[in-house]
Amino acid sequence: MEVIDPATGRPLPSEAIQRVLFVASSVHVYNIPPMTPGKGHVAASWTADDGKRQIFTARLRVIETAVPVPAGGGGGEEEERVKTDVALEDATNGSLFAAAPYTSAAVVEPVADSSRFFALRVQDEAGRKATLGIGFEERSEAFDFGVSLQEAQKTLGWTNNQSGPPGQKQVLEQGAGAEKRDLSLKEGETITINLPGRFGRRKPEPPPQQSSSSPSSFSLPPPPYPGSGILPPPPSNTTSIRGKRLSAQNLGFDDGKFGEFA
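All of the points below concern the structure found in this document. Fair warning: this is a prediction, and the values are worked out from it, not measured in the lab.

Observations concerning the nonpolar core
Inside soluble globular proteins, nonpolar side chains tend to come together where they are buried.
Right, so step 1: Core analysis: the biggest nonpolar cluster contains 29 residues, and Leu60, Leu120, Ile134, Phe136 and Phe145 have the highest contact counts within it.
Right, so step 2: Within the residue set of this core, elements represented by two or more residues are strand E1 (17-31), strand E2 (54-70), strand E3 (78-89), strand E4 (96-101), strand E6 (117-123), strand E7 (129-136) and helix H2 (139-156).
Right, so step 3: Setting aside anything within four residues of it in sequence, one finds Phe136 in contact with Phe22, Ala24, Val27, Leu60, Arg116, Phe118, Glu141, Ala142 and Phe145.
Right, so step 4: In this structure, Tyr30, Ala43, Trp46 and Phe117 belong to the second largest nonpolar core, which totals seven residues.

Re H2
Right, so step 1: For H2, with 18 residues, the first-to-last C-alpha span of 26 Å sits near the 26 Å given by 1.5 Å per residue.
Right, so step 2: Elements that come into contact with the buried residues of H2 comprise E1, E2, E3, strand E5 (108-110), E6 and E7.
Right, so step 3: Backbone geometry just downstream of H2 places Gly157 in the positive-phi region, at approximately 85 degrees.

Considerations on the pairing of E2
Right, so step 1: Examined bridge by bridge, E1 and E2 share 11 bridges and lie antiparallel to one another. What sits directly across from Val20, in E2, is Ile63.

Some details on the sheet that holds E2
Strands belonging to one sheet form pairs held by backbone hydrogen bonds; the direction of such a pair is parallel or antiparallel.
Right, so step 1: Overall, antiparallel pairing links the seven strands, which are arranged E4-E3-E2-E1-E7-E6-E5 in an open sheet. Of all strands in the sheet, those with a lone pairing partner are E4 and E5, marking the two edges. Pairs of neighbouring strands in the sheet enclose a mean axial angle of 35 degrees, with direction left out of account.
Right, so step 2: The pairing of E3 with E4 spans five bridges and is classified as antiparallel. Within E4, the residue paired with Asp85 across the bridge is Pro101.
Right, so step 3: On the sheet, helix H1 (residues 44-51) packs against E1, E2, E6 and E7 and is oriented at approximately 95 degrees with respect to E6.
Right, so step 4: Contacts from H2 reach E1, E2, E3, E5, E6 and E7, with the element oriented near 135 degrees to E1.

About the cut-offs
- Numbers given to residues run from 1 along each chain, matching the order in which its sequence is written.
- Reporting of local features is limited, given that this is a predicted model, to residues whose pLDDT is at least 70; pairs of side-chain atoms are given and counted only at 80 or more, and all residues count toward the totals for whole chains, interfaces and linings.
- In computing side-chain values, all of the structure's heavy atoms are included and hydrogens and water are not.
- In plain words, nonpolar cores are sets of buried Ala, Val, Leu, Ile, Met, Phe, Trp, Tyr and Cys residues tied together by side-chain atoms within 4.5 Å.
- Think of it in three bands: residues with accessible area under 20% of the maximum for their type are buried, residues over 50% are exposed, and the middle band is partly exposed, with areas taken using a 1.4 Å probe on protein chains only.
- Every helix listed is a DSSP run of H or I at least four residues long, and every strand listed is a run of E at least two residues long, numbered separately from the N terminus.
- Should any heavy atoms of two residues lie within 4.5 Å, those residues are considered in contact.
- One less than the number of residues in a helix, times 1.5 Å, gives the span that helix is expected to have.
- One bridge is not enough; two strands pair if DSSP finds at least two bridges between them.
- Only the contacting stretch of a helix is used when fitting its axis, a line to C-alpha atoms as for every element, and angles between N-to-C directions run 0 to 180 degrees.

In structure tokens, the structure reads:
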């Protein structure tokens, strides 16, 4: 079966391998206005005016293509050049309507007011670019579309959703001539391990800090309840004077004729 480049519609070498990451049979395509600064794309303006901005209903496919290319060092070795494309096709005959090479995360941008609509930056063979709006009929399809793009980012070797070159697939290999480190123990060497917890020496706990008293923190006890041992009031002045006079008479200093001295 002939392998076709989804971005150009031209045949690829027979050694090329393609993998379809996602397919949606009915996706609405819109001619959208320029993005509003500070707000992003708004899908409500696409579907207004009785759908006058809708230009096509297409089949959408996310296609991953691996093409073997000769290695730079020669020697007959080959490397794989992996790329991902978002293709909009005619659902009746499969002809290509527009394609978006997925070279960066900015190629597909979500809108600000819906999870079913996206802004897609398409490109032709001459390198001319245009931004179209696409809308899924079901939220589950839009979710699966986003998952397929995340899988494509991993395959392309992008990290943290940052764009990377669409060229060769990143392969991390250690060179044959790389020097290996010898981590084995030599004769007479030992390893000391400090284990925390109950194997270590416990530190004495510091004594609890006593709170310093201050006038602002001083509080008076509550008043006693009635009948709970209240002391009687002190004697009046009359009782005190009479007691002093009686005591003077008992001692013989006053016979009652010269008045009170107390």
